[in-house]
Amino acid sequence: MEKAKEFLELSQEDSDSVSRLTIHPHRVGHEPSFYEDFALRGIRVDRVEPGFVACTFKVPPRLTDRTGKLASGAIANLVDEVGGAVVQVEGLPMNVSVDMSIAFLSSAKLDDELELTSRVLGQSGGYSGTVVLIRNKVTGEVIAEGRHSLFGKHASKL
C-alpha cells in the first residue's frame, strides 16, 4: 500500500506547477475544452473514408509517464477519441462510449511518430463497434490495439 501511495503522490514542485495553471471557462461549441486541447493537440488526420480514419501523432512530453513512455491513460484516450471519430456523423451528437478493451503490446517514447487507424467493425441500430490500431510509424511495431463499442440514439430520418 505504501508503494502505491508513494507512486501516486505528487512532489511539491509538481503540485505548485498544477496550482499555477489558468484554466478559462469552456465555451461549448465554440472552442476545444482544456481536456481536448491537452490530450489531442498535435494529432493530424491524414485520411478519412467511410468506416476508416487514419491519423499521425508525435508523442509529446505532456502525455508521457514517469519513465518517459506514452502513458497508458493517453493510449486509452486515443483509442476512445479515434474510435469515436470513425463513427461520428456531422451534425449529430457524439456517440457515447459503452466499452473499451485495449491490448497494450509495446510502448512508445517521447517524440515517437505514431500511426493511428480506426475501422468500423459493424453497426446495428445505434450500436457501433470499432477497432483502433496504434503503431510506431518508423518501425511498424504495434503499440496497442483497442476494441471500442459506442452507442448513439439519433432521431430517425423517416
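In this report, we go over the structure that sits alongside the text. (Residues numbered from 1 in each chain as written. Predicted model: local features only at pLDDT ≥ 70, side-chain atom pairs only at ≥ 80, totals over all residues. Heavy atoms only, no water.)

This next bit is on the overall build of the protein chain. The secondary structure content of the protein chain amounts to four helices and six strands. Scanning the protein chain from its N terminus toward the C terminus, one meets helices and strands in the order α-α-α-β-β-α-β-β-β-β. Expressed as lengths along the three principal axes of its C-alpha atoms, the size of the protein chain is roughly 60 × 40 × 35 Å. For the protein chain, buried positions account for 28% of its 158 residues. The long-range share in the protein chain, meaning contacts at least 24 apart out of those at least 6 apart in sequence, stands at 60%. Surface accessibility of the protein chain: about 10,700 Å² in total, with carbon and sulfur atoms responsible for 55%. (Helix = DSSP H or I, 4+ residues; strand = E, 2+ residues; numbered from the N terminus. Buried < 20%, exposed > 50% of the residue type's maximum accessible area, 1.4 Å probe, protein only. Contact = heavy atoms within 4.5 Å. Areas by Shrake-Rupley, 256 points an atom, 1.4 Å probe, with all protein chains shown as cover.)

Moving on, we come to the sheet that holds strand 4 (residues 113-124). One open sheet accounts for six strands, arranged 1-2-4-5-6-3; its pairing is antiparallel. Here the strands that pair on one side only, and so sit at the sheet edges, are strand 1 (44-49) and strand 3 (96-104). When strand polarity is set aside, the average angle formed by the axes of neighbouring strands in this sheet is 15°. One ladder, built from ten bridges, connects strand 4 with strand 5 (residues 127-136); its direction is antiparallel. (Pairing = 2+ DSSP bridges. Axes fitted to C-alpha atoms, helices over the stretch in contact; angles between N-to-C directions.)

Along the chain, the position of Glu81 falls in helix 4 (residues 72-85). The class of Glu81 is partly exposed, set by a relative accessible area of 24%. The spacing of Glu81 and Phe34 is 47 residues in sequence and 15 Å in space, taken between C-alpha atoms.

This paragraph deals with helix 4. Taking 1.5 Å as the rise per residue, helix 4 with 14 residues should run 20 Å; its terminal C-alpha atoms sit 20 Å apart, in good agreement. Those residues of helix 4 not exposed but buried are Ala74, Ile75, Asn77, Leu78, Val79, Val82, Gly83 and Gly84. Turning to helix 4, the residues buried within the fold contact helix 3 (34-40), strand 2 (52-58), strand 3, strand 4, strand 5 and strand 6 (142-151). (Expected span 1.5 Å × (residues − 1).)

So, about the side chain of Asn77. Along the chain, Asn77 falls in helix 4. Given a relative accessible area of 9%, Asn77 falls into the buried group. Beyond its immediate chain neighbours, meaning those up to four positions away, Asn77 contacts Tyr35, Ala39 and Leu40.

Read these as spatial facts, not as claims about activity.
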